[in-house]
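# Observations on the model geometry
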There are 2 protein chains.
Amino acid sequence: MTDTAGPGPVDPDHDRHNARMKRLKVARDRLQARRTIERGLLIVHTGNGKGKSSAAFGMAMRAVGWGMRVAILQFVKGTWETGERQFFAALDSDLLSFESMGEGFTWDTQDRARDIAAARRGWERAQQLVLDPAIDFVILDELNIVLADDTLPFAEALEFLAARPLAKHLCVTGRGARAELVQLADLVTEFNEVKHPFAAGFAAQKGVEY
Amino acid sequence: MTDTAGPGPVDPDHDRHNARMKRLKVARDRLQARRTIERGLLIVHTGNGKGKSSAAFGMAMRAVGWGMRVAILQFVKGTWETGERQFFAALDSDLLSFESMGEGFTWDTQDRARDIAAARRGWERAQQLVLDPAIDFVILDELNIVLADDTLPFAEALEFLAARPLAKHLCVTGRGARAELVQLADLVTEFNEVKHPFAAGFAAQKGVEY
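In short, a report on the structure. Just so you know, these numbers come straight off a predicted model, no measurement behind them.

We now examine the relation of the copies chain A and chain B. Once chain A has been moved 0.0 Å along the axis and rotated by 180°, it coincides with chain B to within an RMSD of 0.0 Å. Taken together, the rotation and translation relating the two chain copies correspond to the operation of a two-fold axis. For chain A, the minimum C-alpha distance to the rotation axis belongs to Ala55 of chain A and amounts to 1.8 Å. A symmetric contact is evident, with 100% of the interface residues of chain A recurring at the interface of chain B.

Okay, structure coming up:
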């Protein structure tokens, strides 16, 4: 902090605010000093609101910014054109890989056996990525969707995730996260829809929904 | 959809599932056909959970993937080193600009007059970006923070946002979004903290928190 801004005008409200912030800062520093554990986190983004995958992609960006290696694997979502796919392709970074293992939503495939086979292929790949010591951050996008109804057997996935290497962060997204996964996780955010443009008659728009 | 996977094994549960998905698909398509409005959305990310800024950055990436021009302006957050700052600097894209106008959290500055001046400078810049016809998507990161306690006068900001150009998307992030802003917005997601690693004694870690 430099002195270039000067002391500012005298204002008793400001003085009270500033004194309050000094006390808050002391309390925050004391708390922060007790937060010392560092290891890979199991992160879950769930809920019916928008932003679960976007927030995971934002973390991917953040990690790549620090030179970490990130792998994004999408379940469910197929090969249709999205902004994120084009962005990652253009980025062409050694630090980031992006793969889609899905064949679309189950109401599009309308084929349970096919959904099960796609989830299985995705899960085999997911395990490789999680076990690969060269990767620092793995994002399993929409994994919750295939776990919710056992398209992928939940017990098997939970056992693997509980025994995961703790040297890397792992983020699982998708609505309907199962309770045992939430219990196992270190960081869980629920994304709640307060207002959605679809309800007001908006189309899905580029840059926002895809 | 190709036929390469074959019809799969006969399973009455699968048949019921597939028939249910066919009906769901019809219902979804009917709904989708009524969603036709396209214009710039006012998006709000709020709540006490993690991911509000990350989700906005993820949308920025998505928009850049489609060749849209995106401007990110951070309030409150200062010049400290973060993964996103390094990522955007390395990206060096004509499609994306990233600026921080803040001087840190108010418990760090401990100077209300200085906070007010920084918010004012940020707001002047924000208005330029929103009014610039060359920009397709503007992200005002942490704006809610300075609106919550009128560090920036809320009435003034609300009036400007209500009269904003509808040709671009605008995303406002930060906890404590004010009710009139939520009312004005087209898309609002509340990020709720279910479980946070700080509470379990974890330090803030690279790639996750910054």
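From this point, the narrative continues.
Okay, helix α5 (residues 112-131) of chain A next. All names here are of chain A. For α5, with 20 residues, the first-to-last C-alpha span of 29 Å sits near the 28 Å given by 1.5 Å per residue. Residues of α5 that are buried: Arg112, Ala113, Arg114, Asp115, Ala118, Ala119, Gly122, Trp123, Ala126, Gln127, Leu129 and Val130. The opening residue of α5, the one whose side-chain oxygen lies 3.2 Å from the backbone nitrogen of Ala113, is Asp111.

A full pass over the atoms with the stated rule returns 18 aromatic pairs over all chains. Relative to Trp107 of chain B, the ring of Phe105 of chain B lies with its centre 4.7 Å away and its plane at 10°, an arrangement referred to as stacked. Assessed through its relative accessible area of 24%, Phe105 of chain B is described here as partly exposed. Of the aromatic side chains, those joined through ring pairs into one cluster are Phe57, Phe87, Phe88 and Phe98 of chain A together with Phe57, Phe87, Phe88 and Phe98 of chain B.

Right, let's talk about the environment of Leu143 of chain A for a bit. All names here are of chain A. Inspection of the secondary structure assignment puts Leu143 in helix α6 (residues 143-148). Exposure remark for Leu143: the relative accessible area of 0% places this residue in the buried category. Each C-alpha atom, one on Leu143 and one on Arg164, is 16 Å from the other, the two residues being 21 residues apart in sequence. Ignoring any residue separated from it by four or fewer positions in sequence, one finds Leu143 in contact with Phe75, Trp123, Leu152, Val172 and Thr173.

On to the pattern of salt bridges. One pass over the structure, following the stated rule, counts 26 salt bridges over all chains. Linking Arg164 of chain B and Asp186 of chain B is a salt bridge whose minimum nitrogen-to-oxygen distance equals 3.5 Å. Here Arg164 of chain B is found in the loop between α7 (154-162) and β5 (169-173), whereas its partner Asp186 of chain B is found in the loop between α8 (179-184) and β6 (187-195), with 22 residues between them in sequence. Like Arg164 of chain B, the residue Asp186 of chain B is buried in the burial classification. Where salt bridges share partners, they join Lys25 and Asp29 of chain A together with Asp108 of chain B into one cluster.

Parameters at a glance
Numbering of residues starts from 1 in every chain and runs along the sequence as written. Chains carry letters from A onward and ligands carry numbers from 1 onward, assigned in written order. Owing to the predicted nature of the model, reporting of local features is limited to residues with pLDDT of at least 70; listing and counting of side-chain atom pairs is limited to 80 or more, with chain, interface and lining totals taken over all residues. Water and hydrogen atoms play no part in the side-chain values, which are based on all heavy atoms of the structure. Superposition of the copies was done by least squares, using only C-alpha atoms of residues whose pLDDT is at least 70 in both. In this description, contact between two residues means that some pair of their heavy atoms is separated by no more than 4.5 Å. Strands are runs of DSSP state E lasting at least 2 residues, helices are runs of H or I lasting at least 4, and numbering of each runs from the N terminus. The span you would expect from a helix comes to 1.5 Å times its residue count less one. Only protein chains enter the accessibility calculation, which uses a 1.4 Å probe; a residue is then buried when its area is under 20% of its type maximum, exposed when over 50%, and partly exposed in between. Two N or O atoms form a polar contact when they lie within 3.5 Å of each other; inside protein one atom must be a possible hydrogen donor and the other a possible acceptor, and for residues adjacent in sequence the pair counts only when both atoms belong to side chains. In this analysis, rings of Phe, Tyr and Trp, with Trp reduced to its six-membered ring, are considered paired at centre separations within 6.5 Å, and the interplanar angle assigns stacked below 30 degrees, edge-to-face beyond 60, and tilted for intermediate values. Criterion for a salt bridge: a side-chain nitrogen of Lys or Arg within 4 Å of a carboxyl oxygen of Asp or Glu.

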